[in-house]
Structures are given as structure tokens and as C-alpha cells.
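Residue-level listing of the chains:
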Amino acid sequence: MFLSDTQKHSITTLASLILAACLFSNAAGAADLDELRDQGIRIAIADEEPYGFMDERGEARGPGPDVARHVLGEIGIDDIEWVITSFGDLIPGLQEGRFDMAAAEMAILPERCEKVIYSEPNTTYGEGLLVKISNPHDLRYYSDFAQRNDFKVAILAGANQRGFLRDLGVPDDKIVPIENNADAVEAITSGEVAAYAATSLTVAGLAENSDAVQPALDFVDPVIDGKEVRGWGAFAFNKESEALRDAVNEVLVPYKFTDEWEDLLMSYGFTQLDVLNSFKYNTAQLCAGR
């Protein structure tokens, strides 16, 4: 990774603080971890490429599942039951104890931090807009849907794009939630919506699998309250699972300094900029609204 000396010092200091906190917390939570080592762990994914999905062989793939396997293996948890659910069900499922961990690269947001706890960031990603081929309506901004009342935009139910659109003045009656990314192409081609607002990687993946849609090529990432709109994805846990979260952090933080982790992310389409930006904020900063 191409980091300056100042960046390396800042990241190393942050890593040391996180590891110290993890080591302290793990001592108190060893019994919980022993139970998971004996009985296995249930991990939820939202079947969303490239973040966490099931491939054609029925194997969980993506930076969420792949990094989770490595991290949990280092902790001694090898028996994993993968649970496929909708994105909007990830937090309720954690709260209700239907699974122990989510590996869907769900963005760390202050309102979500009130409901679940997160590991340190594993990924970061920008925004995108999926449109009909040739972009007949010349849509390039999320704010287009606030200014042009004749068009609706789809989002994944429970995703943070709803908040972005609202902040940009898009009324709720112009925002259409869908349950799965796979439904986006049909929503656009049928005319139900003019576009689908999602992360850049999700948009690119959907466009690769359909000749009827494409990413908005001149799309401009939104800026809200002077801040870049970018998601920092992480593993999520029930609020009572601090020992597991801290054990994950103890392995994850140093793993992010390896070529293996960087190569893994880039194999799924993440860029060098995405890799570097994953170090920009820690979870405490993101939960506080940075």
C-alpha cells in the first residue's frame, strides 16, 4: 500500500489502541468464545455481490465472508453456518439472536450503532446509479430526483441510500424500496423507476449481468453537509456480543496491513483508493458521525 510516513504513523497508533482494548475485553469474554468454538457460529449475508453472496457452488463469497473465514479461523471458530437474508433483516436478525454476526459489509452509521455493534471497518465504497441502457433521461445525480418530479428511484430496503436521497431533498413518494438487488433491473426496464441508487460496486455488478442497463457513466458522488458520501463497511454483532466483536478486531486490524487482505479486496473490484480509504476513520468516529 502506498502510504506516507504520517499516514503509517497514524494508522499504527490507531491499531495499537484498538488491539489494547481488544485484549482487555477478550479476557472477560472467553466463555462466550469457547461456546462458539464448540458449537459453531451463524453468519448472515444479504446475497449482494460483491460484498457477501452465494456463488454457483453454494459457497459464501465476497470480502465479508472471505475475511470472516480468515479472522474466525485465527480465533479458533471453524464451523460456520451461512444464513441468507434480506439486507433489511440484518439488524433485526442480530437483535433477535437469529444469527451471531453479519458479514454483509453493512455501512457503519450512527443510527445503526444504536442497535448493533461493529468491528473496525473492513471495506469502503462510493455511490453509483444504475440506469436504462444509453441513460435516456440523462440522470447523473441523486439530487436529480428532487429536481425532476417525473422520475422515481429504487433503493435496497434498509440501505443508507434512502437517507442520502432524503438529505438531498428527494420526497419519500419518489423513493421505491426493493427487497433484492436482483429486482433492480426489472424495476428499471418495466418503467417502475428510472434508476437504482446503490454503491458503485453493486451497480457495476448488476450492469455486467444485463444488456438492458448500465451505470450512469457521468455520475457524480453526492456531498451532504460538506462531507463525502462514502460507506465504510464492517462486521456487525448483537450488542451483547462484545467479546466476539473484540476478538474479531484483534485479528482484523493487523490483517489489514497484509498484502493478502489488499489482494482479496481488489479481486472483488475494490480499487487502491478504496483500500487506502478504509483506514481513514475508525468505528468510534463513524458511529459519532465523523
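Attention in this report is confined to the structure presented alongside it. (Residues numbered from 1 in each chain as written. Predicted model: local features only at pLDDT ≥ 70, side-chain atom pairs only at ≥ 80, totals over all residues. Heavy atoms only, no water.)

1. A few points about the overall build of the protein chain
Broken down by element type, the protein chain carries 13 helices and 15 strands. For the protein chain, with 290 residues in total, the buried portion stands at 53%. Sequence-distant contacts, at least 24 apart, represent 72% of the contacts inside the protein chain between residues at least 6 apart. By element, 48% of the accessible surface of the protein chain is carried by carbon and sulfur atoms, the whole surface being about 13100 Å². (Helix = DSSP H or I, 4+ residues; strand = E, 2+ residues; numbered from the N terminus. Buried < 20%, exposed > 50% of the residue type's maximum accessible area, 1.4 Å probe, protein only. Contact = heavy atoms within 4.5 Å. Areas by Shrake-Rupley, 256 points an atom, 1.4 Å probe, with all protein chains shown as cover.)

2. Comments concerning the state of the cysteines
In total, this model carries 1 disulfide according to the counting rule given. With its sulfur 2.0 Å from that of its partner, Cys113 forms a disulfide with Cys287. Between Cys113 and Cys287 the disulfide shows an S-S torsion of about -75°. By sign, it is left-handed. Taken together, the positions of Cys113 in helix H5 (residues 110-113) and Cys287 in helix H13 (residues 283-287) put the pair 174 residues apart, joining distant regions of the chain. You can call Cys287 partly exposed: its relative accessible area is 26%. (Disulfide = S-S within 2.5 Å.)

3. Examining the layout of surface pockets
Taken as a whole, the largest pocket holds about 690 Å³ of empty space. Taken together, 31 residues make up the lining of the largest pocket; nearest its centre are Leu109, Pro110, Glu111, Asn160 and Phe164. Taken together, the elements giving at least two residues each to the lining of the largest pocket come down to helix H4 (90-96), strand S5 (101-107), H5, helix H7 (161-167), strand S14 (227-228) and strand S15 (231-237). Counting residues per element, the lining of the largest pocket draws most heavily on H7, which supplies 4 residues. The residue makeup of the lining of the largest pocket, split by class, is 15 nonpolar, 6 polar and 10 charged. The calculated volume of the second largest pocket comes to roughly 280 Å³. (1 Å grid on protein atoms, 1.4 Å probe; cavity = no way out; pocket = protein on both sides within 12 Å on 5 of 7 lines; lining within 4 Å. Points joined across faces, edges and corners; volume = space filled by probe spheres on them. Nonpolar A, V, L, I, M, F, W, Y, C, P; charged D, E, K, R; others polar.)

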